[in-house]
Amino acid sequence: MQIGLIGLGKMGGNMRERIRRAGHTVIGYDRNPEVSDVGSLAELVEGLEAPRVVWVMVPAGAATQSVVDELGGLLESGDTVVDGGNSRWTDDEKHAEELGAKGIGFVDAGVSGGVWGLQNGYALMVGGDKEHVERLHPIFEALKPEGPYGYVHAGKVGSGHFSKMVHNGIEYAMMQAYAEGWELLEKVDSVTDVREVFRSWQEGTVIRSWLLDLAVNALDEDEHLERLRGFAQDSGEGRWTVEAAVDNSVPLPAITASLFARFASRQDDSPQMKMIAALRNQFGGHAVESKE
């Protein structure tokens, strides 16, 4: 299958490579000419055979809107656009309507896998009309992890990004729990090897997880996280999850508390946020702030 891929950053670049390894043709475009296969969006579209599929992996908001607007003027009826970034689900509904008026299909894909996706595969939560989603099945198969799981057609347009948003909200709460436990263990005098306590949890315990494995990786690199400043960004999806909970009258005390804990890191140097920052760097390559 042939596909265009816009945005070749930490995830997009690895996704291009994984799709190519599965035997498909990828024409990639990025503003950085050193990684781009073509010089413009127009050149990318010209290089694809109709009906075209173009996958967008750029930051949510204005950047995605700009690309969708430009593609709307370049693509033709029967083509399909996939937004694989972290867009808000309400933007998906808007983009589907705008492109649909021109006969262009739209699919939203929540993608999880971070910098490990090339090796392990990406979990895919997809929203859109059945005909558009089924057309992309070979690409989803190339990107997903091996085995029967890791891909779901979650529902209509917007459902993929809504599902990914909830996934990230849960991720917030899980990371916060590990961070709080780590800080408490570091605080007491009786526990003399916190890193090995975390390592002992990796097998046989009910709290073992990939996030726990990544926490141990971070502690192996910096045993007491002394090189990190206790600051962690929130991506926006945690906020959207809490907003959706309010709109739907669904209580989310753990996720909401974990979001507000991120705000604590905007103040003093927070020990818990050192672990949150370390975990975000481990699974997603997110930037960390070092102490001066």
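Structure shown above.
Parameters at a glance
- Residues numbered from 1 in each chain as written.
- Predicted model: local features only at pLDDT ≥ 70, side-chain atom pairs only at ≥ 80, totals over all residues.
- Heavy atoms only, no water.
- Axes fitted to C-alpha atoms, helices over the stretch in contact; angles between N-to-C directions.
- Helix = DSSP H or I, 4+ residues; strand = E, 2+ residues; numbered from the N terminus.
- Parallel < 35°, antiparallel > 145°, perpendicular 65-115°, else oblique.
- Left-handed = near helix turned anticlockwise from the far one by under 90°.
- Contact = heavy atoms within 4.5 Å.
- Nonpolar A, V, L, I, M, F, W, Y, C, P; charged D, E, K, R; others polar.
- Pairing = 2+ DSSP bridges.
- Polar contact = N/O pair within 3.5 Å; in protein donor to acceptor, adjacent residues only side chain to side chain.

Trainee: What's the story with the packing of helix α8 (residues 159-187) against helix α13 (residues 271-284) in this structure? I'm lost.
Mentor: Here α8 crosses α13 at 130°, and the two axes come no closer than 8 Å. Here α8 is positioned oblique relative to α13, judged by the angle of their axes. Considering how the two elements wind past one another, α8 and α13 form a crossing that is right-handed. Judged by residue contacts, E171, M175, Q176, A179, E180, W182 and E183 of α8 engage P271, Q272, M273, M275, I276, L279, R280 and F283 from α13. A per-class count over the contact of α8 with α13 returns nine nonpolar, two polar and four charged.

Trainee: Would you take a moment to explain the environment of T90 for this structure?
Mentor: Summarising the element assignment, T90 is placed in helix α4 (residues 89-100). Residues T90 and W201 lie 111 residues apart in sequence; the distance between their C-alpha atoms is 40 Å.

Trainee: So what exactly am I meant to see when it comes to the sheet that holds strand β4 (residues 80-83) here?
Mentor: In sheet architecture, strand pairing relies on hydrogen bonds along the backbone and comes in two forms, parallel and antiparallel. Within the open sheet, the seven strands sit side by side as β2-β1-β3-β4-β5-β6-β7. Their pairing is mixed. Only two strands of the sheet have a single partner each, and these edge strands are β2 (25-29) and β7 (151-155). The sheet shows a mean angle of 25° between the axes of neighbouring strands, taken without regard to direction. One ladder, built from three bridges, connects strand β1 (residues 2-6) with strand β3 (residues 53-56); its direction is parallel. Its bridge partner lying in β3, G4 is registered against V54. Contacts between α8 and the sheet are confined to β4, β5 (105-112), β6 (123-127) and β7, with β5 contributing the most and set at about 15° to the helix.

Trainee: Sorry if this is basic, but what is going on with the side chain of Q65 here?
Mentor: Its location among the elements puts Q65 in helix α3 (residues 62-74). Here the side chain of Q65 touches D69 through a polar contact of 2.8 Å, side chain to side chain. Apart from the residues lying within four places of it in its own chain, the contact partners of Q65 are K94, H95 and E98.

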